[in-house]
Amino acid sequence: MAIDDRTTAVPADSAAGTTPTSTSTGTGSTWGALRPLFLRVHFYAGLLIAPLLLIAATSGLLYALSFQAEKILYRHELLVPVGDRVLPLSEQVNAAREAHPDGTVTAVWPSAEDGATTRVLMSGPAVEEGRSLAVFVDPYTAEVRGDLPSYGSSGALPLRAWISEFHADLRLGALGRHYSELAASWMWVVALGGLALWAGRRRTAKRTLLLPERGLTSRRRTLSWHGSVGLWAVTGLVILSATGLTWSRYAGGNIDIVQTQLGGATPTVSATLDGAAAGADTGHEGHGTGHHTAPAPEGPDIGIDKAVEAARDAGVAGRIAVTLPADGKGYVVKETDTQYPVHLDSVALDPADGTVIDELRFADYPVLAKLTRFGIDAHMGVLFGLPNQLVLAALMVALVLLVVWGYRMWWLRRPTKERKLSAGRPVPRGAWRKMPVTLLLPAAAATALVGWFVPMLGISLLVFLAVDAAVGLAARARTGRAA
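What you are looking at is a predicted structure, and each value in this text was computed from that prediction instead of being measured.

Parameters at a glance
Residues numbered from 1 in each chain as written. Predicted model: local features only at pLDDT ≥ 70, side-chain atom pairs only at ≥ 80, totals over all residues. Heavy atoms only, no water. Helix = DSSP H or I, 4+ residues; strand = E, 2+ residues; numbered from the N terminus. Contact = heavy atoms within 4.5 Å. Areas by Shrake-Rupley, 256 points an atom, 1.4 Å probe, with all protein chains shown as cover. UniProt positions renumbered as here; feature names shortened; annotations may be inferred. Buried < 20%, exposed > 50% of the residue type's maximum accessible area, 1.4 Å probe, protein only. Pairing = 2+ DSSP bridges. Axes fitted to C-alpha atoms, helices over the stretch in contact; angles between N-to-C directions. Expected span 1.5 Å × (residues − 1). Bend = angle between axes of the 7 residues up to and from the residue. 1 Å grid on protein atoms, 1.4 Å probe; cavity = no way out; pocket = protein on both sides within 12 Å on 5 of 7 lines; lining within 4 Å. Points joined across faces, edges and corners; volume = space filled by probe spheres on them. Phe/Tyr/Trp six-rings, centres within 6.5 Å; stacked < 30°, edge-to-face > 60°. Lys NZ or Arg CZ within 6 Å of the ring centre and 35° of its normal. Parallel < 35°, antiparallel > 145°, perpendicular 65-115°, else oblique. Nonpolar A, V, L, I, M, F, W, Y, C, P; charged D, E, K, R; others polar. Polar contact = N/O pair within 3.5 Å; in protein donor to acceptor, adjacent residues only side chain to side chain.

(A) Molecular detail of the overall build of the chain. The helix and strand tally for the chain stands at 14 helices and eight strands. When contacts within the chain are restricted to residue pairs at least 6 apart in sequence, long-range pairs at least 24 apart make up 66% of them. Carbon together with sulfur atoms contributes 62% to the accessible area of the chain, which is approximately 24,400 Å² in total.

In structure tokens:
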């Protein structure tokens, strides 16, 4: 949304369908008291956070396009000619083992459609921490088509994994995650603040709220495009901000605590065999960190083909992922079709005879867990497949334009007649002093609560306030000396 707006009237606005903003509300109204504060926060937040949003938007756009790029770049590994019959999974897994004798098979993703390869995931000494080695096997001939590093439960291949990591942390590790959390923490504030400022303008034509005005020039034309596009994009941007915070370091931890206390934690199927110690499931839902090597189980094993057949009898079929038994655990067969309506049922099986140890139906997920699942999948571009990815790409393009337009408006406000090189005029200080106490105290309390729950927002806001106070004191000192 806009990072700039005027507090003074522009007479020409009336001719374009928008009356001057100084008359948009009564001087004693609630909005009249809040608007200067919204304007100042929106201006400085947009001005200072916009570079982070620009990085997030650009990398997010590349990520949205990477799904289709992977199909082209890795088509040799992903696609094969359709054969007469599909070989048993055990033969396909054995072919992967022969190609990589030092690796340990941890999971298998059977071919989900005609012409698609089977993906055998392996761990081993040469596999990077947090990743798996994906071995692609022709399901009709058991020919190994190649192997690639694979990341997380989504199975991102090198291109998408690299872009995803850059989007999340600039490939700087834990330190870089502060950038994405800071961007996600402020994006909803900037978006909703811009929405309030744009909707609060008095108009003579209702269409100017939804569509850019015609006949405007310079800054007013930029503002019209900025506000209209921001209005159409605001819902998506707020959703992206909220879902992005769910796996952030600090705010994400608070969200997990609240979700657990409300009974909305994401359940997991238990594959622990009788007499074995239960293991903890780690990793954020939808963002697994790869497969870990575990001792192979001892005792009878029905094999992967019968395990898949038993899972199918239990109602788990279609696009699936099979986790092989480890010490003290059985087979886990999960549906992985995240395209709405999703199919995410899972079942755990005893490797000795294929009996069901535990089962979990997506229909039995708590409502909050379902919403979290939908939100994360939408953020990752997998909820609706290609339409989801196109919407993400459009949102990222819109965010890039909003940032560019915001800086353009700031640049156009510079006092060119005073200095050759100068920045845009800032929004006047002291907006909070114009608010009545009945508004100021609740607003301060709400800000403190949000700042505590979203720590990166709260800390950066305190830094902004400290810098602003220092600048104000310095300005007063200069004025006093001049007087």
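(B) Broad picture of the UniProt feature "transmembrane region" (unreviewed entry) in the chain. Under the feature "transmembrane region" (unreviewed entry), the UniProt entry names residues 43-65, 183-201, 222-242, 390-410 and 431-453. Strand forms 0% of residues 390-410 and helix 100%; the C-alpha atoms that close the span are 30 Å apart.

(C) Quick peek at the pairing of strand S7 (residues 346-349). Where burial is concerned, the two faces of S7 agree: the one with Ser346 and Ala348 and the one with Val347 and Leu349 are both buried. With four bridges connecting them, strand S6 (residues 331-335) and S7 associate as antiparallel partners. Bridge pairing in S7 links Val332 to Ala348. Where S7 meets strand S8 (residues 356-360), four bridges bridge the pair, whose relative direction is antiparallel. Residue Ala348 lies in a different strand from S8, and its bridge partner there is Asp358. Counting the residues between successive antiparallel strands, the hairpin from S7 to S8 contains six residues, one of them, Gly354, with a positive phi of roughly 80°.

(D) Highlighting the sheet that holds S7. Here eight strands make up an open sheet; going across it, the order is S4-S3-S2-S1-S5-S6-S7-S8 and the pairing antiparallel. Whereas interior strands pair on both sides, the edge strands pair on one side only; in this sheet they are strand S4 (144-151) and S8. Geometrically, the sheet is characterised by an average inter-axis angle of 20° between neighbouring strands, direction not taken into account. Where helix H5 (residues 158-169) meets the sheet, it contacts strand S3 (131-137) and S4, and its direction lies at approximately 10° from that of S4.

(E) How the structure looks around helix H8 (residues 218-246). Between its terminal C-alpha atoms H8 stretches 40 Å, which fits the 42 Å expected from 29 residues at 1.5 Å a residue. The sharpest bend along H8 measures roughly 50° and falls at Ala233.

(F) Broad picture of the side chain of Gln389. Along the chain, Gln389 falls in helix H12 (residues 386-412). Sequence-distant contacts of Gln389, that is, excluding residues within four places in its chain, are made with Ala64, Phe67, Gln68 and Gly381.

(G) Region of interest: the layout of surface pockets. By volume, the second largest pocket amounts to about 1,400 Å³. Lining the second largest pocket are 43 residues; nearest its centre among them are Leu37, Val41, Thr447, Leu461 and Leu465. Top element by residues in the lining of the second largest pocket is helix H14 (residues 455-482). It accounts for 13 residues.

(H) Expanded view of the packing of aromatic side chains. One pass over the full model with this rule turns up twelve aromatic pairs. Aromatic side chains Trp186 and Phe464 sit 5.5 Å apart centroid to centroid with 40° between the ring planes, which places their arrangement in the tilted category. Residue Trp186 is found in helix H6 (residues 177-199), and its partner Phe464 is found in helix H14; the two are separated by 278 residues along the sequence. Here a set of aromatic residues connected by ring pairs shows up, and it is made of Tyr340, Phe362, Tyr365, Phe374 and Phe384. The ring of Phe362 is capped by Lys370, whose NZ or CZ atom sits 5.9 Å from the centre of that ring.

(I) How the structure looks around the packing of H8 against helix H11 (residues 367-380). Remark: H8 packs on H11, axes separated minimally by 9 Å, with the N-to-C direction vectors making an angle of 110°. Compared by their axis directions, H8 and H11 come out roughly perpendicular. Between H8 and H11, the contacting residues are Leu240, Thr243, Gly244 and Thr246 on the first element and Gly375, Ile376 and His379 on the second. For the contact of H8 with H11, the class distribution of residues is two nonpolar, five polar and no charged.

(J) Examining unusual backbone geometry more closely. Cis geometry is found at the peptide bond from Tyr340 to Pro341, where omega equals -5°. Here Pro341 lies in the loop between S6 and S7. One non-glycine residue, Leu170, lies in the positive phi region at around 55°. As for its position among the elements, Leu170 is in the loop between H5 and H6. Take Leu170: its relative accessible area is 22%, and that puts it in the partly exposed class. A positive phi angle, near 55°, is found at Ser218, a position not held by glycine. Tracing the sequence through the fold places Ser218 in helix H8.

(K) Local environment of the side chain of Thr246. Note on placement: Thr246 falls in helix H8. The class of Thr246 is buried, set by a relative accessible area of 13%. From its side chain, Thr246 meets the backbone oxygen of Thr243 in a polar contact 2.5 Å long.

(L) The arrangement of the pairing of strand S1 (residues 104-109) in detail. Of all six residues making up S1, five are buried, and the element is well covered by its neighbours. Bridge count for S1 against strand S2 (residues 118-123) is five bridges, and the pairing is antiparallel. Bridge pairing in S2 links Trp109 to Arg119. Two elements, S1 and strand S5 (residues 320-323), share two bridges in a ladder whose sense is antiparallel.

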